[in-house]
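# Secondary and tertiary structure notes
Spelled out from the first residue to the last, the chains are:
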Amino acid sequence: MSAGHAVAPATACLLVWIAQDSRRLAALHQARELALPDAWLAAGFVRNCVWDRLHGYATATPLNDIDLIYHDPNDTREARDRALSERLRAASGQPWSVKNQARMHRRHGHAPYVSASDAMRYWVERETALGVRLEASGALRLSAPLGLDSLLAGRLSHNPRHGDVTVFHRRVAEKRWREQWPRLKVMPA
């Protein structure tokens, strides 16, 4: 957990849950070894851990992918991200997806993002906009630019900053989250 300053109880609880998952810890170590600027394991990596706990699942739900995001405006080549994803997959056998958030604003017609956390502020679901990383000190650090309240309440809601509510509804249907986590409450947009 973060050293040097007080951590909110909800954040501390979430970081404990992540620390108790050996697969997530292994992925955090792999991500840290890349030494990418402003890097976080994000989205379902954190969100699914919470949803599993809220549903009382003893075993973590397998991840469809491991989203490693970072922010590096000095090198926004997609080829770099593909190479990093392939390197991580080869080393771990896990489904990594690496994305430099310094270029992702173009995909959505937004102004350039100033950091990875700033990019998360525009993600489709409020509850997906979070990331965790393993600091050099060994402490876990959380970025939750839209907060944790909705996630910890078991809600799933559209982020108005993203803009397109149809994308939210399509993702809810395609990803079938309510089948995996039936107590989720999908909030009207």
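Now for a description of the structure that goes with this document. Since the model is a prediction, treat every value here as computed from it, not as a measurement. (Residues numbered from 1 in each chain as written. Predicted model: local features only at pLDDT ≥ 70, side-chain atom pairs only at ≥ 80, totals over all residues. Heavy atoms only, no water.)

## Examining the state of the cysteines
Filter applied, for reference: The criterion for a disulfide is a pair of cysteine sulfur atoms lying within 2.5 Å. The cut-offs for exposure are 20% and 50% of the maximum accessible area for each residue type, with area from a 1.4 Å probe on protein chains only; residues under the lower value are buried, those over the upper are exposed, and the others partly exposed.
Tallying each qualifying case throughout the model produces 0 disulfides. We note that Cys13 lacks a disulfide partner, and the nearest cysteine sulfur, in Cys49, lies 9.2 Å from it. Judged by its relative accessible area of 5%, Cys49 falls in the buried class.

## Some details on the sheet that holds strand 2 (residues 66-70)
Under the convention used in this document: Strand pairing is defined by DSSP finding a minimum of two bridges between the two strands. Runs of E in the DSSP output that reach at least two residues are strands. Runs of H or I that reach at least four are helices, and both are numbered from the N terminus. Lines fitted to the C-alpha atoms define the axes, with helices restricted to the stretch that makes contact. Angles between their N-to-C directions range from 0 to 180 degrees.
The 5 strands lie next to each other as 3-2-1-4-5, forming an open sheet whose pairing is mixed. Two strands in the sheet have a free side with no partner beyond their single neighbour: strand 3 (96-100) and strand 5 (140-143). Sheet twist, expressed as the average angle between the axes of neighbouring strands with direction ignored, equals 30°. In this structure, strand 1 (residues 40-42) lies alongside strand 4 (residues 131-134), joined through 2 bridges in antiparallel fashion. Its bridge partner lying in strand 4, Leu41 is registered against Val132.

## Observations concerning helix 1 (residues 9-19)
Here is the rule we go by: Comment: arc refers to directions from the helix axis out to C-beta atoms. By the convention used here, residues are in contact when the closest approach between their heavy atoms is within 4.5 Å.
Looking at helix 1, one finds that the buried residues are Thr11, Leu14, Leu15, Trp17 and Ile18. On an axial view of helix 1, the arc spanned by its buried residues comes to 155°, and they lie on one face. Buried residues in helix 1 make contact with helix 2 (22-34), helix 3 (44-54), strand 4, strand 5 and helix 7 (149-152).

## Thoughts on the environment of Leu184
Position of Leu184 among the secondary structure elements: in the loop between helix 9 (177-180) and strand 7 (185-186). With relative accessibility at 2%, the residue Leu184 sits in the buried group. Along the backbone, Leu184 and His55 are 129 residues apart, and their C-alpha atoms lie at a distance of 9.0 Å. Non-local contacts of Leu184, meaning those with residues more than four positions away in its chain, are made with Trp51, His55, Gly154, Trp177 and Arg178.

## Structural notes on unusual backbone geometry
Positive phi, close to 50°, is recorded for Asp38, a residue that is not glycine. Tracing the backbone shows Asp38 in the loop between helix 2 and strand 1. Owing to a relative accessible area of 26%, Asp38 belongs among the partly exposed residues under this scheme. Here the phi dihedral of Ala43 falls at roughly 60°; this positive angle occurs in a residue that is not glycine.

## Re the pairing of strand 4
Side chains of strand 4 alternate between two faces, with Gly131 and Arg133 and Val132 and Leu134 buried alike. With 4 bridges connecting them, strand 4 and strand 5 associate as antiparallel partners. Looking at strand 5, one finds that Gly131 is bridged to Ser143.

## So, the packing of aromatic side chains
Let me state the cut-off plainly: Aromatic rings from Phe, Tyr and Trp, with only the six-membered ring used for Trp, were paired whenever their centres fell within 6.5 Å, and each pair was classed as stacked if the ring planes differed by under 30 degrees, edge-to-face if by over 60, and tilted otherwise. Each ring is checked for a lysine NZ or an arginine CZ that lies within 6 Å of its centre and within 35 degrees of its normal; such an atom marks a charge sitting over the ring.
Counting across every chain of the model gives 3 aromatic pairs. Summarising the aromatic geometry, the rings of Trp51 and Trp177 are spaced 5.7 Å apart at their centres and angled 70° between planes, so their arrangement reads as edge-to-face. Taken together, the residues span a long stretch of sequence, with Trp51 in helix 3 and Trp177 in helix 9 at a distance of 126 residues. You can call Trp177 buried: its relative accessible area is 4%. Judged by centre distance (5.5 Å) and plane angle (25°), the rings of Tyr113 and Tyr122 are stacked. Judged by its relative accessible area of 6%, Tyr113 falls in the buried class. Between Arg24 and the ring centre of Phe45, over which it is positioned, the NZ or CZ distance is 5.4 Å. When the ring centre of Trp40 is taken as origin, the NZ or CZ atom of Arg133, which lies over that ring, is 4.0 Å away.

## A word on the side chain of Glu127
To keep it simple, the criterion reads: Charge assignment: positive for Lys and Arg, negative for Asp and Glu; neither His nor the chain ends contribute. By convention in these notes, a salt bridge is any Lys or Arg side-chain nitrogen within 4 Å of a carboxyl oxygen on Asp or Glu. In the analysis that follows, any N or O atom pair within 3.5 Å is treated as a polar contact, provided that within protein one partner can donate a hydrogen and the other can accept it, and provided that, for residues neighboring in sequence, both atoms belong to side chains.
Position of Glu127 among the secondary structure elements: in the loop between helix 6 (116-120) and strand 4. Buried and unpaired, Glu127 has Arg126 as its nearest opposite-charge partner, separated by 5.0 Å. Separated by 2.4 Å, the side chains of Glu127 and Ser150 make a polar contact. For Glu127, the contacting residues outside a window of four places in its chain are Arg47, Ser150, Leu151, Arg155, Leu156 and Ser157.

Just distances and angles here, no functional claims.
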